[in-house]
Structure formats: C-alpha cells, structure tokens
Amino acid sequence: MRVIEPLYAEILRRNQGEGEFHQAVREVLETLDPVLRQRPEFVDARIIERLCEPERQLIFRVPWADDSGDVHVNRGFRVEFSSVLGPYKGGLRFHPSVNLGIVKFLGFEQIFKNALTGMPIGGGKGGSDFDPKRRSDAEIMRFCQSFMTELHRHLGEYTDVPAGDIGVGGREIGYLFGQYRRITNRHESGVLTGKGVNWGGSQARTEATGYGCVLFTAEMLRSRGESLDGQRVAVSGSGNVAIYAIEKAQQLGATVVTCSDSDGYIVDEKGVDLALLKEIKEVGRGRISEYAERRGENVKFVEGAGVWNVPCDVALPCATQNELHEEDARTLVRGGVKAVAEGANMPTTPEAVRVFQEAGVAFAPGKAANAGGVATSALEMQQNASRDSWTFAHTEERLAEIMRHIHDSCYTTAERYGSPGNYVVGANIAGFELVADAMLAQGLI
Ligand code: GLU
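All values derive from a computational prediction rather than experimental measurement.

### Focus: the overall build of the protein
Move 1: Each helix and strand counted, the protein has 18 helices and 12 strands in total.
Move 2: By the compact-globule yardstick of 22 Å for 445 residues, the protein fits well, its C-alpha radius of gyration being 21 Å.
Move 3: Taking the principal axes of the C-alpha coordinates as reference, the protein spans close to 65 × 55 × 45 Å.
Move 4: Counting only residues that meet the buried cut, the protein has 57% of its 445 residues in that class.
Move 5: For the protein, the proportion of contacts with a sequence separation of at least 24, taken over those separated by at least 6, is 72%.
Move 6: Put simply, the protein shows about 17,800 Å² of open surface, and 48% of that area lies on carbon and sulfur atoms.
Move 7: Distance between charge centroids for the protein: 3 Å, based on 49 positive and 60 negative side chains.

### With respect to the nonpolar core
Move 1: Ranked by size, the top nonpolar core spans 60 residues in total, and within it Phe 216, Leu 277, Tyr 291, Leu 316 and Ile 406 carry the most contacts.
Move 2: For this core, the element with the most residues is helix α9 (residues 205-223), which contributes 8 residues.
Move 3: Setting aside residues no more than four positions away along its own chain, Ile 406 makes contact with Leu 116, Thr 117, Phe 216, Ala 368 and Ala 371.
Move 4: Val 25, Leu 51, Val 84 and Tyr 417 belong to the second-largest nonpolar core, a separate cluster that totals 39 residues.

### Concerning the sheet that holds strand β10 (residues 314-317)
Move 1: Taken in spatial order, the 7 strands make up an open sheet running β9-β8-β7-β6-β10-β11-β12, and their pairing is mixed. Taken across any chain shown, the strands that pair with only one partner, and hence form the sheet edges, are β9 (300-303) and β12 (362-364). Looking at each pair of strands side by side, their axes are set apart by 15° on average, direction ignored.
Move 2: When β10 meets strand β11 (residues 339-341), the two strands line up parallel, connected through 2 bridges. Paired with Val 314 across the strands is Ala 339, a residue of β11.

### Examining the UniProt feature "active site" (unreviewed entry) in the protein
Move 1: Under the UniProt annotation, "active site" (unreviewed entry) lies at Lys 125.
Move 2: Within the fold, Lys 125 resides in strand β4 (residues 123-128).
Move 3: Non-local contacts of Lys 125, meaning those with residues more than four positions away in its chain, are made with Arg 78, Val 79, Gly 90, Gly 91, Val 103, Leu 106, Gly 107, Gln 110, Asp 165 and Asn 345.

### Description of the sheet that holds strand β3 (residues 88-94)
Move 1: As summarised here, the arrangement of the 5 strands in space is β1-β2-β4-β3-β5, forming an open sheet in which the pairing is mixed. Where the open sheet ends on each side, the last strands, each with one partner, are β1 (56-65) and β5 (160-163). Strand-to-strand twist across the sheet, computed as the mean angle between neighbouring axes with direction ignored, equals 20°.
Move 2: As paired strands, β3 and β4 are joined by 3 bridges and run parallel to one another. From the neighbouring strand, Leu 92 faces β4, where its bridge partner is Gly 126.
Move 3: Lying on the sheet, helix α7 (residues 137-151) is in contact with β1, β2 (71-82), β3, β4 and β5; it crosses β1 at an angle near 140°.

### Notes on the packing of α7 against helix α8 (residues 170-184)
Move 1: For the pair α7 and α8, interaxial distance at closest approach is 8 Å and the crossing angle is 45°. By the criterion of interaxial angle, the relationship of α7 to α8 is oblique. Pair α7 / α8 crosses with right-handed handedness. Of the residues in α8, those in contact with Asp 137, Ile 140, Met 141, Cys 144, Gln 145, Phe 147, Met 148 and Thr 149 of α7 are Arg 171, Glu 172, Tyr 175, Leu 176, Gln 179, Tyr 180 and Ile 183.
Move 2: Here the residues of the contact of α7 with α8 are counted per class, giving 9 nonpolar, 3 polar and 3 charged.

### A short note on the packing of α9 against helix α16 (residues 371-385)
Each packed pair of helices is defined by two parameters, the angle between the axes and the distance between the axes.
Move 1: At a closest axis distance of 7 Å, the pairing of α9 and α16 adopts a crossing angle of 145°. In this structure, α9 meets α16 at a crossing whose hand is right-handed. Contacts between α9 and α16 pair Arg 205, Ala 208 and Thr 209 from the former with Gly 372, Gly 373, Val 374, Thr 376, Ser 377 and Glu 380 from the latter.
Move 2: Grouping the amino acids of the contact of α9 with α16 by side-chain chemistry returns 2 nonpolar, 5 polar and 2 charged.

### Concerning the side chain of Ser 146
Move 1: With respect to the element layout, Ser 146 can be found in helix α7.
Move 2: For Ser 146, a relative accessible area of 16% puts it in the buried group.
Move 3: Not counting the four nearest positions on each side in its chain, Ser 146 is found in contact with Val 62 and Pro 63.

Analysis parameters
Residues numbered from 1 in each chain as written. Predicted model: local features only at pLDDT ≥ 70, side-chain atom pairs only at ≥ 80, totals over all residues. Heavy atoms only, no water. Helix = DSSP H or I, 4+ residues; strand = E, 2+ residues; numbered from the N terminus. Rg over C-alpha atoms; globule rule 2.2 N^0.38 Å. Buried < 20%, exposed > 50% of the residue type's maximum accessible area, 1.4 Å probe, protein only. Contact = heavy atoms within 4.5 Å. Areas by Shrake-Rupley, 256 points an atom, 1.4 Å probe, with all protein chains shown as cover. Lys, Arg positive; Asp, Glu negative; His and termini not counted. Charge placed at Lys NZ, Arg CZ, Asp CG, Glu CD. Core = buried A, V, L, I, M, F, W, Y, C linked by side-chain atoms within 4.5 Å. Pairing = 2+ DSSP bridges. Axes fitted to C-alpha atoms, helices over the stretch in contact; angles between N-to-C directions. UniProt positions renumbered as here; feature names shortened; annotations may be inferred. Parallel < 35°, antiparallel > 145°, perpendicular 65-115°, else oblique. Left-handed = near helix turned anticlockwise from the far one by under 90°. Nonpolar A, V, L, I, M, F, W, Y, C, P; charged D, E, K, R; others polar.

Right, here's the structure in full:
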C-alpha cells in the first residue's frame, strides 16, 4: 500500500459518504503494489487517479404515478465509468438502497470484470432507489418508461448499453426497450441486453451469471484436484443469479441444501426442488417461506439472516453486497468449507475474505466469478451486431470457454505476481493491466 495510501486518502476526501465505493476501491488498490512497482509508467500517467474518477456521472429525476394516481419522485443514476475497452456496459439496479456510492462501487467493479471477460466492453452501472416490491405490472411499466425518457439520450449501441441487476429482469428490460424504441424511432437491438429471445435477446443470458459462477467454482476445484460432484452447496439469495447457480450446481452433481431471501432462509437436506423454487420466485414473485410451506415437513424455514450457519463444502453468496461477515466466514471454515465464489457483487466483507484466505479456502471474487452474466451480454451484442441468433448449446459453450479463460488468467496472474492461489490478486491485476495498457495507448483522456 506504499504508493497507494495517499491516493486512497484523496479518494476518501473527494467522495465523502460513499462507503461501498471506498470499500471497492480499497480492495483493488491493496493488491496493485506489485504491478505498480513493475510498471512505473502507470504511476506517471496517473492511471489510478483517472480510473477512480468516472468519465461521466448522471443523476436525474424520475417522476411517475401509481395505480391510485398518487405521484412519486425517485432518483435515477447512470455512472459511465470507463469506455477505454468498449461502450459503457453494466446493469441497472432498482432497489430502495440505491444511492450514488452503491452505483459507483458497482460501476468500478464492472470496469475490471468486463476487462477480464476479454470482450470489448467498458464499465458502467445505473439504477434507481425505486422499490419494485408489491408494485403492479402497470406501475413497473410507467416507472420504466419515465426512467428511460430521461436516460435514452445518454445511451446507444456504441455509447452505453445497460442490462439488468437486482430488481431489473426481463420484464423491466422489455418496458425500457419499448420506450427507447418509441422515443428514438430506432429498433436498435444493441442498446440493451437481457432482452427476450424472440426480440433480439440471447439464449443463455438469463442463466449466464449463475451458470458462470458455478463453472468458475468447478475450475477452482479442478485446479485442486477436486470436482463439484457430490459436494454440499449453500447458496444465498433466490433471484436470477441464485436460481441458475443452483441449476448448474445440480447438473454437475452437487446437492444444494439452502437458499434465502430478505425474510430468511430454507434448509432442504434432500436438495432444493428447483421447479418449485422457480414457480414461487419466477412466476409468482413470492417469498421463500412459501417454499417451506409447499415442500412439506422435512424443510425448515428460518426467519431472519443466518444462511451461513448451514455447514457446506461450497458456499455461493448470490444475494447482495456485504451479506457474508467475518463471523459467518469463521462458521463456514469450522464447517469445512473448501471453496467460496461470489455470485453477487461484493457480498463478502474484507474481513471475511481474509478469514477464507488465511484458512486456505479457494475464494473467487465477484469480478471474476460472476462475470458470466456480462460476458453473455457481450455475446448478445455480438449477435445483435451481426443480426444473428445462436443456439443455447453454442452460447453456453462460449460462456464456458470464457469462464475457463477468466479462471486461467486470474490463476496465472496471481502466480506471476507472487500470490499463488489468490484469485483476488489475480483478478484485480489481470483486469487492471488490460485497462491500464489501453489507457496508456489512448493518451491522456
Ligand atoms: N448486472 C450484471 C453484473 O453485475 C450484468 C451486467 C450486464 O450484463 O451488462 O455484471
């Protein structure tokens, strides 16, 4: 941290009150010392200072009326962080906790994640403090239309290409795309990803983040002479990432015994019934407590947090940031956990990461482990640009190749910089080098 400490102090001073952004920046800076020592040109060109300052930050009013005619005013965000490797790319999050600091942490992570995919995409993120819970379809549509009425002027297939994140799935992308098309009079498929497969979306995009996270886990285990077959897996969350992480883990022979939502978690020793979970979450948009009620007496629902008390071989935090704390990590280590991979963005606190690393647990940070989602968004853009659509099998094979590539580049980079087995170091340095080299090549921008 020698070169880094004064830089970090300056970032704190200029971005006050943005706790999650500070955390994301610190986690990256802490690992960059060896590369900055080998590449002093990055220091001279002030690459880190430039990377920590978004190219553009948009904050806008989103007014809308609910079904009773009452007017609401939300805040919309789009932080366009880096376009050095491609158009800004990253999801939109609709959740009451969204603020500038959260959007910036997500956008900052996205720069390195997107670089690691090897695809031509820059980094950005956006969203709103709108709470979609218990809102009707008509309300969701009106909100999305109002949000896009402002955002459309900043987007474009070569400029900025949003997708989903928490609270934004296929339904919301549909309403957003419809409004963009209406305002611009362009059927510009490449302006959003996560579209429906019959109107420009990609096969396997829905599954990609969860599948990719499990494929990455399988690669980590393989490098230690193990596989997922027969392993006991704990997953947190029950949204899009969690559901498809469970699906892929089961396909690879693992037993997933738990998942959760903000009300609590379930434990199903026989293995999660995925058809039932999908029906409750994807069709009914219901709560996880319903799963226990419908699945029968052998399944327990525990109210409140605590999913990490369930002993497992592999833990996949797939809910949200800072959901796995130091004490949880100690409990998991005591329970014999061998591998942890972040399906969500920054779900593990820095103290918890340290506990895993000190215990020799294979730990994959989100910017590597959950990059399958955005990588498949880039495959969607590729299909849109060539007016083509690929089969599920072909797209999934491309995803698997990309996840192997990310694993191998994190693994070899960590080794090259003297931290063998440390995927945090590997992911940060490999992503940083790609971005920093491109910044040097493109001049002082
Ligand atoms: N929100 C997802 C992520 O965190 C996907 C972004 C995208 O597909 O553009 O990477």
